[in-house]
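Residues per chain, in single letters:
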Amino acid sequence: MSDTQSQIENRPPSVAALFLDRIEATPDGEAYRYPVPPASGSGPDEWRSYSWGEAAQRVFAVAAGLMDLGIEPEQRVAIASSTRVDWILVDLGILCAGAATTTVYPSTNAEETAYILADSDSRVLVAEDATQLAKAREQRAELPQLRHVVVIDPAGQPVTDPADPDGWVLTLDELVERGQKYLEKHPDAVKDTVATLRAEQLATLIYTSGTTGKPKGVRLPHDCWSYMAKAIAAQGLTLPEDVQYLWLPLAHVFGKVLTAGQIELGHVTAVDGRVEKIIENLPVVRPTYMATVPRIFEKVYNGIAAKARASGGAKYKIFLWAADVAREYAKVTQDNLRRTGTASAPAGLRIKHAVADKLVYAKLREAFGGRLRGCICGSAALAPEIGYFFSGAGIPVLEGYGLTESGAASFCNPAEANRTGTVGKPLPGCEVRIAEDGEVMMRGPGIMQGYHNLPEKTAEVLEPDGWFHTGDIGELSDDGYLRITDRKKDMFKTSGGKYVAPAEVEGRFKALCPFVSSILVHGADRNFCTALIALDEPSIMGWAQDNGMAGQSYTDVVASPRVRELIGGYVDQLNANLQRWQTVKQFRVLPRDLDIEHGELTPSLKLKRPVVEREFGHLLEEMYAGTREK
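Residues numbered from 1 in each chain as written. Predicted model: local features only at pLDDT ≥ 70, side-chain atom pairs only at ≥ 80, totals over all residues. Heavy atoms only, no water.

*Asks:* When you look at the overall build of the protein in this model, what are you seeing that I'm missing?
*Replies:* Regarding its fold elements, the protein presents 22 helices and 26 strands. Here the protein has a C-alpha radius of gyration of 25 Å; the compact-globule value for 630 residues is 25 Å, and the two agree. By residue count, 57% of the 630 residues in the protein fall in the buried class. Considering only residue pairs separated by 6 or more positions, the protein has 67% of its internal contacts joining residues 24 or more positions apart. Positive and negative side-chain charges in the protein, numbering 68 and 82 respectively, have mean positions lying 6 Å apart. (Helix = DSSP H or I, 4+ residues; strand = E, 2+ residues; numbered from the N terminus. Rg over C-alpha atoms; globule rule 2.2 N^0.38 Å. Buried < 20%, exposed > 50% of the residue type's maximum accessible area, 1.4 Å probe, protein only. Contact = heavy atoms within 4.5 Å. Lys, Arg positive; Asp, Glu negative; His and termini not counted. Charge placed at Lys NZ, Arg CZ, Asp CG, Glu CD.)

Okay, structure coming up:
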């Protein structure tokens, strides 16, 4: 048996046990960094740290505080909060108390929050602030099982209400104080509880935001996170000396799995979920690796292109030339590595790449902090041309793949043999096979136990022998790299009987058009394909400024004939490289961008196709009314 197999097969039963091991191994090592905004309200944040030992004190107090509130093993404690260090410490406290964490996105409305709390039978809600507390208060009559709400950050807001039952609301600091007193009487309570945890016990209920219908609670046991921690370490994705920048939603499985890998390796994680702070934080944190989603790379690329365009014709031409060089360099070196084992490039290309590096790439890397070894990218498909650009510029984008139902980290590209356009190889311990219809199937310790309270739904996707139906269509290379071609349910057949994978067409367009924010290709049972296109506001408004439309509103700009002509040119470029039945015959530019608030994007920024098609159905019908395929 190899060392890797041994580590995975002989893993401890829980990530809580791994946490105790980490505390013992490096109690004084830095664990977490977190920002503290200035008291004056202006100026840069102050970044502070927890050592592993200091984090443990907080985690143990939270765990003991929950025990003091009467929480028992496997009972659910919900967290409704944005990504912050308190989320991680509370989650670990819940696990160390033997309970299970229910995750709730802070953007979830009161009605759906109540549904999740009721369906999960959560006994305590840890709410970030008064806003999250208000949702529980609004729906309290529907939540008789909810015994307490713990508020992380009162922030000067009154959190008590005369109508509340006695002790129903307390602050996180008050919970910690209760826990400290509990530990004075029962000093070994937390360690003893962790020692009794079994691998199959429920650790986490993650409610899928879903692109249709009500969210489903995915049951992930303690063993899932322990396995993920060991598999990530064995894959070599991260190193003990790394600095991770974590901004992804921790209510999402992608963000959550990153906390498990960190505990196993013991590296530093800087935690700040404020998306608007990413650009500001990167040069301060100077991460060596981070995980992100394609939409961020798309926005960064569009932003760079827009800035170059605004700087004048010469600089824009240099940027376009450098972007082409980056893509060519990444493609050639990756192809040579695959064929010969050496990431080489011809001398002429190396010289062009060196020049482009000085002019463009070095500045880009510096904006990311200057130390980034790579970015793990998942949650949705990244347009390959954008992936090649960043990889060629010295910021390798390591695409990965997984689902909530598989604990997130099932596949990832190895840093030393990245292959853009694929999601890499399976992590150690994960089995994969491709079904006859092309569906990707997986089996392994990361796979969920099932959907909470939904045995019929579980049976639809989980075979008795453990094979999980992902719902994704994919292809495996001879050497084990997986390429996802589309969601099985998203693929459609035109009325002419031709199958179209919309994600492929959408990805190609995003690589071509620097103004696009979101695109939805439609055509199921229609005689041709159409597209709804939303434009990135900063990019298109910069173009408008330079093209005689300064002072006009975003709405007026995107509705103008000139913008339609601009976007139409990119649609023509797209169509030139598609099969006839894939081509976009008509399109409409949407009057606004798609967003989470309107329910068109999930919190992990995936497109909710049915919602978009319903919201803008009149535009779709308009494109098909009285028309025939040409």
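There's plenty left to go through after this.
*Asks:* Is there a simple way to think about the nonpolar core in this case?
*Replies:* Considering soluble globular proteins, one finds that nonpolar side chains tend to be buried as a cluster. In this structure, Phe-19, Tyr-32, Val-190, Trp-225, Phe-390 and Met-442 are the most contacted members of the largest nonpolar core, which totals 136 residues. Take this core: its biggest share by element is 11 residues, from helix α3 (residues 52-68). Those residues in contact with Phe-390 that lie beyond four places of it in its chain are Phe-297, Val-300, Tyr-301, Leu-364, Phe-368, Ile-395, Pro-396 and Val-397. Of all hydrophobic cores here, the second largest spans 30 residues; its members include Ile-519, Val-521, Trp-543 and Ile-567. (Core = buried A, V, L, I, M, F, W, Y, C linked by side-chain atoms within 4.5 Å.)

*Asks:* Explanation requested: the packing of α3 against helix α8 (residues 189-196) in the structure shown.
*Replies:* Relative orientation and spacing of two packed helices are given, respectively, by the angle between their axes and the distance between those axes. Taken N-terminus to C-terminus, the directions of α3 and α8 make an angle of 85°; their axes are 9 Å apart at the nearest point. By the angle between their axes, α3 is roughly perpendicular relative to α8. Two secondary-structure elements touch here, α3 through Phe-60, Ala-63, Ala-64 and Met-67 and α8 through Ala-189, Val-190, Lys-191 and Thr-193. Here the contact of α3 with α8 is built from residues that sort into 6 nonpolar, 1 polar and 1 charged. (Axes fitted to C-alpha atoms, helices over the stretch in contact; angles between N-to-C directions. Parallel < 35°, antiparallel > 145°, perpendicular 65-115°, else oblique. Nonpolar A, V, L, I, M, F, W, Y, C, P; charged D, E, K, R; others polar.)

*Asks:* Even after reading the chapter, I still don't get the sheet that holds strand β25 (residues 529-535), so can you show me in this structure?
*Replies:* Strand pairing in a sheet is mediated by backbone hydrogen bonds. Such pairs are either parallel or antiparallel. Pairing is mixed across the open sheet formed by 3 strands, whose spatial order is β24-β25-β26. The strands lining the two open edges of the sheet, one partner per strand, are β24 (516-522) and β26 (584-589). Here the average twist between neighbouring strands, direction ignored, is 25°. Relative to β25, β24 is paired through 6 bridges, and the arrangement is antiparallel. Across the sheet, the residue bridging to Ile-519 is Ile-533, located in β25. Those strands touched by helix α20 (residues 561-575) are β25 and β26, and its axis lies near 150° from that of β26. (Pairing = 2+ DSSP bridges.)

*Asks:* Can you help me understand the side chain of Ser-122 in this one?
*Replies:* Within the element layout of this structure, Ser-122 appears in strand β5 (residues 122-127). One polar contact links Ser-122 to Thr-102, side chain to side chain, over a distance of 3.1 Å. (Polar contact = N/O pair within 3.5 Å; in protein donor to acceptor, adjacent residues only side chain to side chain.)

*Asks:* Before we go on, may I ask you to explain the side chain of Thr-193 in this structure?
*Replies:* By the element assignment, Thr-193 lies in helix α8. Residue Thr-193 is classed as buried on the basis of its relative accessible area of 15%. Beyond its immediate chain neighbours, meaning those up to four positions away, Thr-193 contacts Met-67, Cys-96, Ala-97 and Gly-98.

*Asks:* Sorry if this is basic, but what is going on with helix α2 (residues 15-25) here?
*Replies:* Three- or four-residue spacings in an α-helix give side chains the same orientation, since the helix completes a turn every 3.6 residues. The element α2 is largely enclosed, with a buried count of 8 among its 11 residues. What α2 keeps buried is the set Val-15, Ala-16, Ala-17, Leu-18, Phe-19, Leu-20, Arg-22 and Ile-23. Those residues of α2 that are buried are in contact with α3, α4 (85-96), α8, α9 (222-235) and α10 (253-265).

*Asks:* Looking at this structure, how should I read α4?
*Replies:* For α4, with 12 residues, the first-to-last C-alpha span of 17 Å sits near the 16 Å given by 1.5 Å per residue. Burial of α4 is extensive: 12 of the 12 residues sit out of reach of the surface. Inspection of α4 places Val-85, Asp-86, Trp-87, Ile-88, Leu-89, Val-90, Asp-91, Leu-92, Gly-93, Ile-94, Leu-95 and Cys-96 among the buried residues, and these make up the whole buried set. Phi turns positive, to about 85°, at Gly-98, one or two residues after α4. (Expected span 1.5 Å × (residues − 1).)

*Asks:* Would you explain the sheet that holds strand β6 (residues 148-151) in this entry?
*Replies:* With mixed pairing, the 8 strands of this open sheet are ordered in space as β7-β6-β5-β3-β4-β8-β9-β19. Since the sheet does not close on itself, it has two edges, and those belong to β7 (169-171) and β19 (450-451), each with one partner. Relative to β19, strand β9 (residues 217-221) runs antiparallel, the two being bridged by 2 bridges. Note on β19: the bridge partner recorded for Arg-219 is Gly-450. Running at roughly 145° to strand β4 (residues 100-104), α4 makes contact with β3 (76-80), β4, β5 and β8 (202-207) of the sheet. Relative to the sheet, α9 contacts β8 and β9, its axis offset from that of β9 by approximately 65°.

*Asks:* So what exactly am I meant to see when it comes to the pattern of salt bridges here?
*Replies:* When charged atoms on two side chains of opposite charge get close, those side chains can pair. Enumeration over the complete set of coordinates arrives at 35 salt bridges. A salt bridge links Lys-256 to Asp-91; the shortest N-O distance between them is 3.1 Å. Note that Lys-256 is positioned in helix α10 and Asp-91 in helix α4, a separation of 165 residues in sequence. No difference in accessibility class separates Lys-256 from Asp-91, as the two residues are buried. Between Arg-419 and Asp-479 there is a salt bridge, and its shortest N-O distance comes to 2.8 Å. With Arg-419 in the loop between β15 (411-412) and β16 (425-426) and Asp-479 in the loop between β20 (468-476) and β21 (482-487), this residue pair connects regions lying 60 residues apart in the sequence. Residues joined by salt bridges that share partners form a network here, namely Asp-45, Asp-272, Arg-274, Lys-277 and Glu-280. (Salt bridge = Lys/Arg side-chain N within 4 Å of Asp/Glu carboxyl O.)

*Asks:* Before we go on, may I ask you to explain a nonpolar patch on the surface in this structure?
*Replies:* Nonpolar side chains collect at one region of the surface, where Ile-318, Trp-321, Ile-351, Val-355 and Leu-359 lie side by side and expose about 430 Å² of accessible area between them. At the level of elements, α13 (313-340) and α14 (347-367) are the ones that each hand at least two residues to the nonpolar patch. In terms of residue count, α14 provides more of the nonpolar patch than any other element does, 3 residues in total. Looking at Val-355, the relative accessible area reads 40%, which means it is partly exposed. (Patch = residues over 30% accessible without salt bridge, like charges linked within 9 Å, V, L, I, M, F, W, Y side chains within 5 Å. Areas by Shrake-Rupley, 256 points an atom, 1.4 Å probe, with all protein chains shown as cover.)

*Asks:* Can you walk me through the packing of aromatic side chains in this structure?
*Replies:* Aromatic ring pairs: the centre-centre distance and the angle between the two ring planes describe each pair. Considering all chains together, one arrives at 12 aromatic pairs under this definition. In this structure an aromatic cluster arises from ring pairing among Phe-297, Tyr-301, Phe-319, Phe-368, Phe-389 and Phe-390. Its guanidinium or amino end placed over the ring of Tyr-451, Lys-216 lies 5.1 Å from that ring's centre, counting from NZ or CZ. The ring of Trp-225 has Lys-256 lying over it, and the distance from NZ or CZ to the ring centre is 4.3 Å. (Phe/Tyr/Trp six-rings, centres within 6.5 Å; stacked < 30°, edge-to-face > 60°. Lys NZ or Arg CZ within 6 Å of the ring centre and 35° of its normal.)

*Asks:* Where do I start with the state of the cysteines in this structure?
*Replies:* What makes a disulfide is a covalent bond joining the sulfur atoms belonging to two cysteines. Evaluation of the coordinates by the stated rule reveals 0 disulfides. Free of any disulfide, Cys-224 has its nearest neighbouring cysteine sulfur in Cys-430, separated by 11 Å. Cys-513 forms no disulfide, and the closest cysteine sulfur to it belongs to Cys-529, at a distance of 18 Å. (Disulfide = S-S within 2.5 Å.)

*Asks:* Can you help me understand unusual backbone geometry in this one?
*Replies:* Among all residues except glycine, the phi angle is most often negative; among peptide bonds, the trans geometry is most common. You will see that Asp-121, though not glycine, has its phi angle at about 60°, which is positive. Inspection of the secondary structure puts Asp-121 in the loop between α5 (110-120) and β5. Despite not being glycine, Asp-525 has its phi angle at roughly 60°, a positive value. As for its position among the elements, Asp-525 is in the loop between β24 and β25.

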